[in-house]
Amino acid sequence: MEELKKAIIEFAESSKKTKFYFKDIEKAVQKVNPDAKMREIKKACTALINDGTMIYFSTGSSTMYGLKGRGMTEDPE
Amino acid sequence: MAFEPKELQKEIKYEEIRIYSDAELNNYTEEELKNFKIKHDIPDLDDLEKGPWPSFVADAKQGALHRRKLADDRMLIDRDVIEDMLGQLQISFDEGETHWKHGGIVGVFGYGGGVIGRYSDLPEKYPSIAHFHTVRVAQPSSKFYDSNFLRTVCDLWEYRGSGLMNLHGSTGDLVLLGTTTEQLEPIFFELTHEMQVDIGGSGSNLRTPECCIGKARCEWSCYDTQDLCYELTQYYQDELHRPAFPYKFKFKFDGCPNGCVASIARSDMSFIGTWRDDIRIDQEAVKAYIAGEVVPNGGAHKGRDWGKFDIQKEVLDLCPTKCMWMEDGELKIDNAECTRCMHCISVMPKALRPGTDTGVTILCGAKAPILEGAQMATLIVPFMKAEPPYDNIKEFIEKVWEWWMEEGKNRERLGELIQRATLPKFLEVLELPAMPQYVKEPRSNPYILWKEEDVPGGWSRDIKDYRARHKR
Ligand code: HEM
Ligand code: HEM
Ligand code: SF4
Ligand code: SF4
């Protein structure tokens with residue numbers, strides 16, 4: 001779990017983007033950690049949401065994840 | 001394993017959580033309403049009030065007047081929200097462009113859905129709607145409410161929101177329109193802790209499942225729609241609140257093919273009650289209908305005289321598969337040809353009833369137009385039993401999700417993925433054999449492509465042997 005959380009944060013910090021679809025996070029994590037299962041990655045994302053490291057961004061129809069305080073403000077673009 | 005609640009449902013203490021007195025709720029006269037003008041000029045909206053139809057503008061003006069007359073400390077967001085909402089709408093009509101900004105990071109703690117951020121892009125002009133977020137509240141199965149519950153939701157929303165709501169959204173939720181970011185957590189707390197109701201789904205997750213009235217009131221329900229809807233809602237809480245799907249996903253549950261929640265058109269996975277034995281026929285009641293002793297259609301449409309009931313014209317000729325006939329005064333049905341459309345049963349409910357070996361048909365892929373045009377669901381599982389704890393149904397759902405989450409592109413609905421990957425591929429993933437009924441019409445999906453392992457001998461052949469039988 002800690003390993004996956006680290007991989008997620010590293011990916012999010014190194015990317016030029018500030019918002020990520022879950023699928024893109026999943027792919028990035030599996031690149032460094034090929035055995036990581038989708039459900040475990042989702043659990044790691046949820047843990048990062050719960051401890052306040054990440055936040056959800058939603059348009060109402062689709063949802064993305066981002067690091068808190070990095071580029072994403074409460075306002076939409 | 002069926003869902004088991006961790007704690008018992010608390011009794012809701014309505015008298016303690018109601019906010020407004022009757023006098024506060026009825027705080028203006030008809031005369032005041034007639035003379036009431038909101039603070040913005042809204043000629044096009046005023047026009048929408050004309051005519052015999054109900055109008056959201058008329059409703060909104062009532063809300064606006066009500067807020068004008070409430071005491072200052074009796075509402076926590078701006079008094080003017082409704083007036084500003086109407087004012088901005090008039091500008092949008094003038095310019096043909098929306099002034100709502102879409103999306104944001106609003107949400108409530110730990111939930112990835114249920115609260116949808118909306119912001120005005122004219123906050124200087126319409127300051128009270130600078131934040132105007134939507135909250136979705138999950139409806140109870142089949143929407144059985146206690147009026148105390150509805151009054152309490154209305155109170156809460158008047159106090160902490162705009163008071164504007166729309167019942168019900170496409171997923172069945174109560175949709176509460178317009179509040180500020182600061183009010184979200186208190187609203188969430190009061191809904192979940194005091195009123196024992198959850199917020200619904202939005203974004204890339206499972207949306208609030210919805211069912212018809214089912215066995216609670218309807219004799220045609222072929223399975224317990226409320227039970228299945230509730231079970232899957234509880235069982236898939238994680239999918240509902242923590243988005244990780246490529247896009248939205250909806251379940252809807254119709255107890256029979258009459259489809260009162262229109263699951264076939266409105267859900268990614270549609271469950272429609274059906275039966276696999278024979279339609280039950282009471283021949284005496286058939287005769288009573290023919291003799292005019294019982295009104296057809298359960299008495300619906302009886303406002304005018306349609307003439308004498310004609311079983312040939314009204315039932316037999318309208319059977320889509322023409323599998324019914326009269327023989328020696330008795331009604332006969334070739335059940336193998338019956339497509340379970342419910343027509344004959346709906347016309348003669350006293351004489352005909354669904355069979356007793358009941359279950360569900362599962363269809364996948366309906367959606368509104370987004371990337372591609374609108375699409376109805378495609379039949380995938382013709383029949384499956386639907387009994388607690390529904391392990392067979394859960395197993396099916398999870399196979400579908402696993403494939404869609406693996407193969408689906410961002411913002412691709414299940415129906416679009418099936419189109420892109422092909423139906424035969426979907427069937428292969430689900431380990432279901434193809435059947436002729438999957439072919440809608442040869443022009444649009446004619447081909448089942450064989451794979452080498454499906455064909456005896458594979459792709460290789462003995463060319464000499466072949467030429468011995470077929471000349472060049
Ligand atoms: C009055 C006589 C005929 C009428 C009204 C008629 C009508 C049609 C129609 C409406 C189609 C469907 C076209 C489509 O949906 O793309 C069709 C397809 C076809 N017809 Fe006829 N047809 C007639 C005679 C014939 C005859 C005499 C033959 C062969 C000797 C024939 C061979 C075909 C074939 C092979 C197709 C399939 C063509 C394709 O799908 O590309 N038809 N016909
Ligand atoms: C060695 C002989 C033949 C070859 C290589 C051949 C090849 C083809 C090919 C490649 C197509 C297109 C299939 C597609 O749309 O994917 C086709 C279509 C067709 N062929 Fe042939 N064909 C042969 C003989 C015949 C014969 C003998 C007949 C009629 C007596 C025939 C009638 C047709 C018709 C009606 C179509 C259109 C089918 C449709 O679009 O639904 N073909 N053929
Ligand atoms: S869908 Fe069928 S079972 Fe459900 S309420 Fe309508 S008629 Fe009754
Ligand atoms: S249910 Fe529909 S298809 Fe079946 S016998 Fe009645 S009318 Fe015909």
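What counts, and where the lines are drawn
- Residues numbered from 1 in each chain as written.
- Chains lettered and ligands numbered in written order.
- Predicted model: local features only at pLDDT ≥ 70, side-chain atom pairs only at ≥ 80, totals over all residues.
- Heavy atoms only, no water.
- Patch = residues over 30% accessible without salt bridge, like charges linked within 9 Å, V, L, I, M, F, W, Y side chains within 5 Å.
- Areas by Shrake-Rupley, 256 points an atom, 1.4 Å probe, with all protein chains shown as cover.
- Salt bridge = Lys/Arg side-chain N within 4 Å of Asp/Glu carboxyl O.
- Lys, Arg positive; Asp, Glu negative; His and termini not counted.
- Charge placed at Lys NZ, Arg CZ, Asp CG, Glu CD.
- Helix = DSSP H or I, 4+ residues; strand = E, 2+ residues; numbered from the N terminus.
- Near = heavy atom within 4 Å.
- Nonpolar A, V, L, I, M, F, W, Y, C, P; charged D, E, K, R; others polar.
- Pairing = 2+ DSSP bridges.
- Domains from an automatic or database assignment.
- Buried area = accessible area lost by both parts, 1.4 Å probe.
- Polar contact = N/O pair within 3.5 Å; in protein donor to acceptor, adjacent residues only side chain to side chain.
- Buried < 20%, exposed > 50% of the residue type's maximum accessible area, 1.4 Å probe, protein only.
- Contact = heavy atoms within 4.5 Å.
- Axes fitted to C-alpha atoms, helices over the stretch in contact; angles between N-to-C directions.

A closer look at a negative patch on the surface
- A cluster of acidic residues, Asp391(B), Glu395(B), Glu398(B), Glu402(B), Glu406(B) and Glu407(B), forms a negative patch on the protein surface.
- Relative to the helices and strands, Glu406(B) resides in helix α15 (residues 391-407).

Observations regarding the site of ligand 4
- Every residue near ligand 4 is listed here: Cys319(B), Pro320(B), Thr321(B), Cys323(B), Met324(B), Cys338(B), Thr339(B), Arg340(B), Cys341(B), Met342(B), His343(B) and Cys344(B).
- For the shell around ligand 4, the per-class residue count stands at eight nonpolar, three polar and one charged.

Describing the sheet that holds strand β5 (residues 164-167) of chain B
Residue and element names in this part refer to chain B.
- Taken together, four strands build an open sheet; the order of strands is β2-β4-β6-β5 and the sheet is antiparallel. Each edge of the open sheet carries a strand with a single partner, namely β2 (115-116) and β5.
- Where β2 and strand β4 (residues 134-137) come together, two bridges link them in antiparallel fashion. Bridge pairing in β4 places Ile116 opposite Thr134.

Examining the environment of Gly169(B)
- Relative to the assigned elements, Gly169(B) resides in the loop between β5 and β6 (174-177).
- Between the C-alpha atom of Gly169(B) and that of Arg136(B), which follows or precedes it by 33 residues, the distance is 8.5 Å.

A few points about unusual backbone geometry
All names here are of chain B.
- Residue His168 is bonded to the preceding Leu167 through a cis peptide linkage, with omega at -10°.
- Omega for the peptide link from Pro388 to Pro389 comes to 0°, which places this bond in the cis form.
- Checked against the element boundaries, Pro389 lands in the loop between β15 (378-384) and α15.
- Notably, Met342 is not glycine yet its phi reads approximately 80°, a positive angle.
- With respect to the helices, strands and loops of the structure, Met342 is situated in the loop between β12 (330-333) and α14 (343-347).

Here we look at the domain arrangement of chain B
Residues and elements named next belong to chain B.
- Taken domain by domain, chain B comprises domain 1 (14-194), domain 2 (210-214 + 230-253 + 261-269 + 357-454) and domain 3 (280-353).
- When the two sides are added together, the surface that domain 1 and domain 2 hide from each other amounts to roughly 880 Å², 46% of it contributed by carbon and sulfur.
- Considering only the side of domain 1, the residues that lose the most area to domain 2 are Tyr111, Ser142 and Ser170, jointly responsible for 41% of the buried surface there.
- Here domain 1 is connected to domain 2 by one salt bridge.
- Across the contact surface, domain 1 and domain 2 share six residue pairs in polar contact (both at pLDDT 80 or more).
- Split by residue class, the side of domain 1 that touches domain 2 holds two nonpolar, nine polar and one charged.

Notes on the pairing of β5(B)
- Here β5(B) runs beside β6(B); their pairing, made up of four bridges, is antiparallel. In the sheet register, Leu164(B) faces β6(B), and the bridge partner there is Leu177(B).

Thoughts on the pattern of salt bridges
All names here are of chain B.
- Applying the stated criterion to the full structure yields 32 salt bridges over all chains.
- Among the salt bridges present, the one from Glu158 reaches Arg67, with a minimum N-O distance of 3.1 Å. With Glu158 in helix α7 (residues 147-160) and Arg67 in helix α5 (residues 56-69), the pair connects residues that are 91 residues apart, well separated along the chain.
- Note on Glu158: relative accessible area 12%, which makes it buried.
- The class for Arg67 is buried, based on a relative accessible area of 0%.
- Residue Glu330 is joined to Lys332 by a salt bridge in which the shortest nitrogen-to-oxygen separation is 3.6 Å.
- On the accessibility criterion, Lys332 (27% relative accessible area) is partly exposed.
- A single salt-bridge network, built from bridges that share partners, covers Lys143, Glu210, Lys252 and Arg266.

Comments concerning the sheet that holds strand β9 (residues 269-275) of chain B
All names here are of chain B.
- Sheet architecture is open: five strands sit in the order β7-β8-β9-β14-β15, paired in mixed fashion. The sheet is open, and its two edges are formed by β7 (210-211) and β15, each paired on a single side.
- Pairing geometry for β7 and strand β8 (residues 251-254), over two bridges, is parallel. Its bridge partner being in β8, Glu210 is matched across the sheet by Lys252.
- Relative to the sheet, helix α9 (residues 225-235) contacts β7, β8 and β9, its axis offset from that of β8 by approximately 165°.

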